[in-house]
Structures are given as structure tokens and as C-alpha cells.
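Fold and geometry: a report
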Amino acid sequence: MSLQSLQIEIEKTRSSAITDLQNITSEKIDFFKNKYLSRKGEIALLFEKLKILSVNDKKLAGKFLNELKTEVTSQFDSKLLELNDSSKQEEKLFDYSLPGRISSKGSLHPITQTMMEIKNIFNRMGFSSEYGPEIEDDFHNFSALNFPPDHPARDLQDTFFINQNILLRTHTTSVQIRAMETGKPPIRIIMPGRVFRNEAISARSYCLFHQVDGVYIDKKVSMADLKGTLINFAKQFYGNSIKFKIRPSYFPFTEPSLEMDISCFLCKSKGCRICKQSGWLEILGAGMIHPNVYKNVGLNKNEWNGFAFGMGIERITILRMGIDDIRMLYENDIRMLKQLA
Ligand code: DAH
């Protein structure tokens, strides 16, 4: 290679670098740097070619090359400054009269809202909240609650078993056993939580739902106390004008057992699809704790007595929201959630 041909290459590089700089944009900065100024860039490659020149030519060409490098670098630097400045200018041009962006507001899930409301009502009556594990053993979920060994709830059809002894709790009544095992009465607690049942999924039932159980154990607790507590709750939760009805029922862990209905607040007791034309809605199960349950947790049934109750959260939540499909609560459809905010 001769000095002359290297000079031609230097000039070519100079003019293409200058043209590129004239058209440079912020996105092309890295590309430009790589093409001309990096260790493998065009200018560096020209420096490589100095090696093959004679000593005198090398000096001269070196000088030209250094000039080229300085020129391209300084022009590149001032272009960088210019680009920076113009992006600041754009910032300054922000139009403050533009309408604001509306940010969407979050809200508590309807299940959470119902739970909180129920908790508040019972807290005011002196009940505190307790929680237990969702993965339970047979003892706490069934045996200690006086379920006979052949009870249908113990069937795989109804309960998610993990193995013969371990299962997903089917009701929050299991927490009652834990509380009775560990706490000495008086006990006055509610037990909110998630429960699981192996059910066909439909508009009315889901494999997972929520319950709140309650228990009050002390000396001389009577059925009248239970009735008073439930009526007080129902009036606060559903409104003073509600009518209620207490019917005998059956649960293995209470004796006597009862269920409570309230007058249908959707049709004002006239009869509708939701209350199945009866004018009544079933809202909870309850009863006096069965003597066997005291025995199973090592409490003296002659010393203590108490009541228990339990209710599902989903049904009352959808009734109050005026929707008729329980699955809407779990699908997290943004169109539905937005309406709750
Ligand atoms: N555990 C029952 C259920 O899941 C509800 C229930 C009824 C709970 C009566 C209670 C009770 O504590 O006393 O259907």
C-alpha cells in the first residue's frame, strides 16, 4: 500500500463519517460509534494499515489519521450535545393543557368486603378472629367433630383427600377443634377462611369457597344466647327490617342443631327465582356443641357448654351484588371488577 492510496481511503472515511453525522439521530449513536470510533471501527482499521508503510510515509500518514480521528470525534461529541439538548427541548414543549390521564382505582374483592363486614359485627359482640390450616387432618375436619366413619362427606366424591389422613378442609369448623384443643374456655371466636369441596363446578357451586364459623364456650351458655347472637348479627348485616326463622336441623357436631332463614330481601318475600318462590333464604347452620366434641378435645362436658355456627360467604355476597353466577367471583374479569371499585 502506498501513502497515496491510504490518503484516498482517509478522505473517503472522512466524507462518509461527516455525511453520517449530518443524518444522525439518537437511535443511530451506537451504530455510528461502532462503525467509526470503536476498536474495530473504520478509523482503527486505517491505523492498522500504517504498519506496512515506510518510516517516512508512516509519520505523514499517522499525522493525517490523527487529524481524521480528532475531527470525527469532536464532531461526534458536539452532535451528541445537540441531540441531548433537543430532547430537553421536547420536554420543555410539554403541553400542560392536555387533559390528565385517569388512573383506575382498585378495590377490595367482594368476598373480602363481606368477610370484613361479618368480622366487624362479631368483633363488636366480643368475638375475636382465629385462623387455621387449609390442609387438615381427618381428626380436626371429621373425627373430632363427631362425623361417623361412614359419613358421605368422608367420600372421595365430596372431599379432596391428599392421602388417607390428610385432606383439604371442607369447612372452617375444623378450626373450632384447634381452638378447643389449645385454648382454655371461655372461648369466643369467629373463624373465617377458605374451604374446599370436590363438587361439580356450576353457577351455584365451586370447588373452593369461603366460610365463617363461630364458637362461644363458657359456663351456662344457652340456646337463648345463640338465638340472641344470630338475630343480632342478621339484623346488623341484613338490616333491621329483616324477618327470620329458626328451623331444627342436623349436624354431627351440634345437638340440638338448627338452621336460620331470613326473609328474601330480593323479592321482599314475594317469592322469586333465588328464594325458589318460598320467600325465605337459608343463611347459616348452628347449634349447641355436641357432648362428644368436648370429649374428643379433652374438655369436661359437664363443666362447659357453648354454641357454634357457620355460614358460607359466596352466596350472600352474590345475592347482595345482584349477580347469579358464583364463578364471576373467581374469574377476575376486569369488566366486573371495575364495577366494584
Ligand atoms: N360446617 C357446616 C357446613 O359446612 C356449617 C356449620 C353448621 C358450622 C353448624 C357450625 C355449626 O359451626 O354449628 O355446612
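Note that this is a predicted model, so its numbers are computed, not measured.

Let us look at the nonpolar core. In a soluble, globular protein the nonpolar side chains are often hidden away together inside. Core analysis: the largest hydrophobic core is formed by 47 residues, its most contacted members being Ile 118, Phe 122, Phe 233 and Phe 309. Considering every element that reaches this core, the biggest residue donor is helix α8 (residues 223-238), with seven residues. Within the second largest apolar cluster, 23 residues are counted, among which are Phe 142, Ile 187, Phe 253 and Ile 289.

Moving on: the site of the ligand. By nearness alone, 14 residues border the ligand, and His 171, Thr 173, Arg 197, Gln 211 and Asp 213 come closest of all. Here Ala 308 contributes a backbone N or O atom positioned 3.1 Å from an oxygen atom of the ligand. A distance of 3.2 Å separates an oxygen atom of the ligand from a polar atom in the backbone of Phe 309. Against a free-state accessible area of 360 Å², the protein chains account for coverage of 88% of the ligand. Elements represented by at least two residues in the shell around the ligand include exactly β5 (208-218), β8 (280-289) and β9 (305-312). A per-class count over the shell around the ligand returns five nonpolar, seven polar and two charged.

This paragraph deals with the pattern of salt bridges. Enumeration according to the criterion identifies 17 salt bridges in this entry. In this structure, Asp 261 and Arg 247 form a salt bridge, with 2.8 Å as the shortest nitrogen-oxygen distance. Highlighted residues: Asp 261 in strand β7 (residues 254-263) and Arg 247 in strand β6 (residues 244-251), separated in sequence by 14 residues. Judged by relative accessible area, Arg 247 falls into the partly exposed class, the value being 27%. The salt bridge partner of Asp 333 is Arg 335, with a shortest N-O separation of 2.7 Å. Its relative accessible area of 62% is what places Arg 335 among the exposed residues.

Counting buried residues along β7, eight of its 10 residues qualify, which places the element largely inside the surrounding structure. Sheet analysis places β6 next to β7, joined by seven bridges and oriented antiparallel. Residue pairing across strands places Phe 251 opposite Thr 254, the latter belonging to β7. Hairpin connection between β6 and β7: a loop of two residues separates the two successive antiparallel strands. Direction of pairing for β7 relative to β8: antiparallel, over a ladder of eight bridges. Among the inter-strand pairings, Met 260 is bridged to a residue of β8, identified as Leu 284.

With that out of the way, let us pick up the domain arrangement of the protein chain. Domain annotation of the protein chain identifies domain 1 (3-93) and domain 2 (110-340). Taken over C-alpha atoms, the centre of domain 1 sits 78 Å from the centre of domain 2.

Further remarks concern the sheet that holds β5. Read from one edge to the other, the open sheet built from seven strands follows the order β1-β4-β5-β9-β8-β7-β6, with strand pairing classed as mixed. Two strands lie at the open edges of the sheet, namely β1 (128-129) and β6, each paired on one side alone. As judged from the eight bridges shared by β5 and β9, these two strands associate in the antiparallel manner. Considered in β9, the bridge of Ile 217 is made with Gly 306. Packing of helix α10 (residues 314-321) onto the sheet brings it into contact with β5, β8 and β9, and relative to β8 it is tilted by some 150 degrees.

By secondary structure assignment, the location of Thr 114 is in helix α5 (residues 110-124). Residue Thr 114 is classed as buried on the basis of its relative accessible area, which comes to 3%.

Let us now look at the packing of α5 against α10. The geometry of α5 relative to α10 is characterised by a closest axis approach of 10 Å and an angle of 105 degrees between their N-to-C directions. As judged from the angle between their axes, α5 and α10 are roughly perpendicular. In contact with Pro 110, Ile 111, Thr 114, Glu 117 and Ile 118 of α5, α10 contributes Glu 314, Ile 316, Thr 317, Arg 320 and Met 321. Its residues assigned to classes, the contact of α5 with α10 comprises five nonpolar, two polar and three charged.

Cut-offs used in this document
- Residues numbered from 1 in each chain as written.
- Predicted model: local features only at pLDDT ≥ 70, side-chain atom pairs only at ≥ 80, totals over all residues.
- Heavy atoms only, no water.
- Core = buried A, V, L, I, M, F, W, Y, C linked by side-chain atoms within 4.5 Å.
- Buried < 20%, exposed > 50% of the residue type's maximum accessible area, 1.4 Å probe, protein only.
- Helix = DSSP H or I, 4+ residues; strand = E, 2+ residues; numbered from the N terminus.
- Near = heavy atom within 4 Å.
- Polar contact = N/O pair within 3.5 Å; in protein donor to acceptor, adjacent residues only side chain to side chain.
- Areas by Shrake-Rupley, 256 points an atom, 1.4 Å probe, with all protein chains shown as cover.
- Nonpolar A, V, L, I, M, F, W, Y, C, P; charged D, E, K, R; others polar.
- Salt bridge = Lys/Arg side-chain N within 4 Å of Asp/Glu carboxyl O.
- Pairing = 2+ DSSP bridges.
- Domains from an automatic or database assignment.
- Contact = heavy atoms within 4.5 Å.
- Axes fitted to C-alpha atoms, helices over the stretch in contact; angles between N-to-C directions.
- Parallel < 35°, antiparallel > 145°, perpendicular 65-115°, else oblique.

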